[in-house]
Amino acid sequence: MNSLSRDAQVKIMEGTVNNAEKYLGQFCMLLASYTRKNARLRDKVDMLVRQIMDFANTENPELRRCLKDLGEELSKIQDYRQAEVERLDAKVIAPLKAYGPLTKSKRADIKKFNSVRNREIKELENLQKLKQRNPLDRQGISLAEANVQKASVDVNHTTHQLEEIILKFQQQKLKDIKAIFSNFVTIEMIFHAKALEIFTNAFQHLNNFDEEKDLKAFKSKVSISELENDARPSSSDSNSTLEQSPASQPGKPLREARKDRRKSSGSKRQTKTRVLHAHFQEDESEEEEEEEEEVEELQDVSDDEYNPYAKIRK
């Protein structure tokens, strides 16, 4: 009965150590992954802050100030996130890692107890066999009983040692689990409290951003109407230009100006044609007058005088 109860106790001890090794190892892996992802998140936000700062340098002063304030607040959060990562590594992951070799040590203690227990069982079996084979061998039976008693003493001693070891292990495990998860919750509360405070400041910076002021500054840079007003000539210059060229009249279409130029060029051509025609008419009239004068002279000349004159004409 005592042996059965002892075996049950050992099974409970083995189950305690095995469960601690299994679940605390999983906690360690998952929390280590959580910490690494926080570190990667920190790196990604640092990249985001650099991009925000670069973009802010390309904008107007109002938006630049807002984005730089936002980037500084995000950078502060990443400083607290870095502290969070370091604290998780020191106060959460490191204690969980320690349970790897610790559980192996406890399993070795259980294995030692099992070997002592198996030796006791073997001595009992030898005693039973000896009694069955040679029940009259008192000396052999006495020696076997002495070995059984010695093995039982070793088992009892090892059992008490194992009980103390497992009790200390369980006590340490409960204390460590409480401390580990308390540290985890405290670290996360501190980080999120600081992050909430800084995010509040970042929201205020964004809320104070004056969109109209920034748009007004941008409009003053790209406004075309002011540039056109500066580039337009004065009224006196425009009037003189209008008198010189009808095509430069404001509001007059380009097609009408071209028609006016064509009309003016056509009238000039007609005037030149008339002048040339009049000139040719004057030349023709002068030739006709000369011919008439020659005819009159010939009429006044006699036949005798005409012959030599005709020869000269020939």
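Residues numbered from 1 in each chain as written. Predicted model: local features only at pLDDT ≥ 70, side-chain atom pairs only at ≥ 80, totals over all residues. Heavy atoms only, no water.

(A) Expanded view of the side chain of Lys-106. Summarising the element assignment, Lys-106 is placed in helix H2 (residues 61–133). Here Lys-106 is buried and forms no salt bridge, its nearest opposite-charge partner Asp-109 lying at an N-O distance of 4.4 Å. The contacts of Lys-106, once residues within four sequence positions are left out, are Val-17, Ile-165 and Phe-169. (Helix = DSSP H or I, 4+ residues; strand = E, 2+ residues; numbered from the N terminus. Buried < 20%, exposed > 50% of the residue type's maximum accessible area, 1.4 Å probe, protein only. Lys, Arg positive; Asp, Glu negative; His and termini not counted. Salt bridge = Lys/Arg side-chain N within 4 Å of Asp/Glu carboxyl O. Contact = heavy atoms within 4.5 Å.)

(B) Structural view of the pattern of salt bridges. Evaluated as defined, the whole model comprises six salt bridges. The salt bridge partner of Asp-43 is Arg-42, with a shortest N-O separation of 3.1 Å. Judged by its relative accessible area of 36%, Asp-43 falls in the partly exposed class. With relative accessibility at 16%, the residue Arg-42 sits in the buried group. When the shortest N-O distance is used, the salt bridge between Lys-76 and Glu-73 registers 3.8 Å. With Lys-76 and Glu-73 both in helix H2 and three residues apart, the pair spans about one turn of that helix.

(C) Quick peek at the nonpolar core. Core analysis: the biggest nonpolar cluster contains 23 residues, and Val-92, Leu-96, Ile-110, Leu-162 and Ile-166 have the highest contact counts within it. Only helix H1 (2–56), H2 and helix H3 (138–207) provide two or more residues apiece to this core. Those residues in contact with Val-92 that lie beyond four places of it in its chain are Leu-31, Arg-87, Ile-180, Asn-183, Phe-184 and Ile-187. Counting 13 residues, the second-largest nonpolar core is a separate cluster that includes Val-49, Leu-67, Ile-77 and Ile-198. (Core = buried A, V, L, I, M, F, W, Y, C linked by side-chain atoms within 4.5 Å.)

(D) Region of the structure containing a positive patch on the surface. There is a patch of like positive charges on the surface, built from Arg-36, Lys-37, Arg-40 and Lys-97. Among the elements that line the positive patch, the one with the most residues is H1, at three residues. (Patch = residues over 30% accessible without salt bridge, like charges linked within 9 Å, V, L, I, M, F, W, Y side chains within 5 Å. Areas by Shrake-Rupley, 256 points an atom, 1.4 Å probe, with all protein chains shown as cover. Charge placed at Lys NZ, Arg CZ, Asp CG, Glu CD.)

(E) Representation of the environment of Lys-213 in the model. Residue position: Lys-213 is located in helix H4 (residues 211–222). For Lys-213, a relative accessible area of 51% gives the class exposed. Between the C-alpha atoms of Lys-213 and Glu-62, which are 151 residues apart in sequence, the distance is 7.3 Å.

(F) Examining the packing of aromatic side chains more closely. Enumeration over the complete set of coordinates arrives at three aromatic pairs. For the ring pair Tyr-99 and Phe-169, a centre distance of 6.2 Å and an interplane angle of 65° mean the geometry is edge-to-face. In this pair, Tyr-99 is assigned in helix H2 and Phe-169 in helix H3, connecting sequence segments 70 residues apart. (Phe/Tyr/Trp six-rings, centres within 6.5 Å; stacked < 30°, edge-to-face > 60°.)

(G) Region of the structure containing the confidence of the model for the protein. Mean pLDDT over the protein works out to 78, with 70% of the residues at or above the 70 mark. For the protein, per-element mean pLDDT is lowest for helix H8 (residues 303–313), which scores 44, and highest for H1, which scores 91. Predicted confidence for residues 245–252 stays below pLDDT 50, and this span has eight contacts to residues more than four positions away or in other chains. Here residues 301–314 scores under 50 on pLDDT; set against residues more than four positions off or in separate chains, the count is four contacts. (pLDDT = per-residue confidence, 0-100.)

(H) Structural context of the packing of H2 against H3. Direction vectors running N to C along H2 and H3 enclose 170°, while the axes themselves pass 8 Å from each other. Taken together, the axis directions place H2 and H3 in an arrangement best described as roughly antiparallel. Here the contact of H2 with H3 is built from residues that sort into 36 nonpolar, ten polar and 20 charged. (Axes fitted to C-alpha atoms, helices over the stretch in contact; angles between N-to-C directions. Parallel < 35°, antiparallel > 145°, perpendicular 65-115°, else oblique. Nonpolar A, V, L, I, M, F, W, Y, C, P; charged D, E, K, R; others polar.)

(I) Region of interest: H4. Under the 1.5 Å per step criterion, the end-to-end length of H4 is 17 Å for twelve residues, consistent within 8% with the ideal 16 Å. Of all twelve residues in H4, one are buried; the element is thus mostly exposed. The N-terminus of H4 is capped by Asp-210, whose side-chain oxygen sits 3.3 Å from the backbone nitrogen of Glu-212. (Expected span 1.5 Å × (residues − 1). Polar contact = N/O pair within 3.5 Å; in protein donor to acceptor, adjacent residues only side chain to side chain.)

(J) How the structure looks around H2. In this model, H2 (73 residues) spans 106 Å end to end at C-alpha, consistent with the 108 Å of a helix rising 1.5 Å per residue. The sharpest bend along H2 reaches about 35° and sits at Ile-93, with the proline Pro-95 one to four residues further on. (Bend = angle between axes of the 7 residues up to and from the residue.)

(K) Broad picture of a nonpolar patch on the surface. On the surface, a nonpolar cluster with roughly 250 Å² of combined accessible area is contributed by Tyr-23, Phe-27 and Phe-181. The residue Phe-27 is located in helix H1 in this model.

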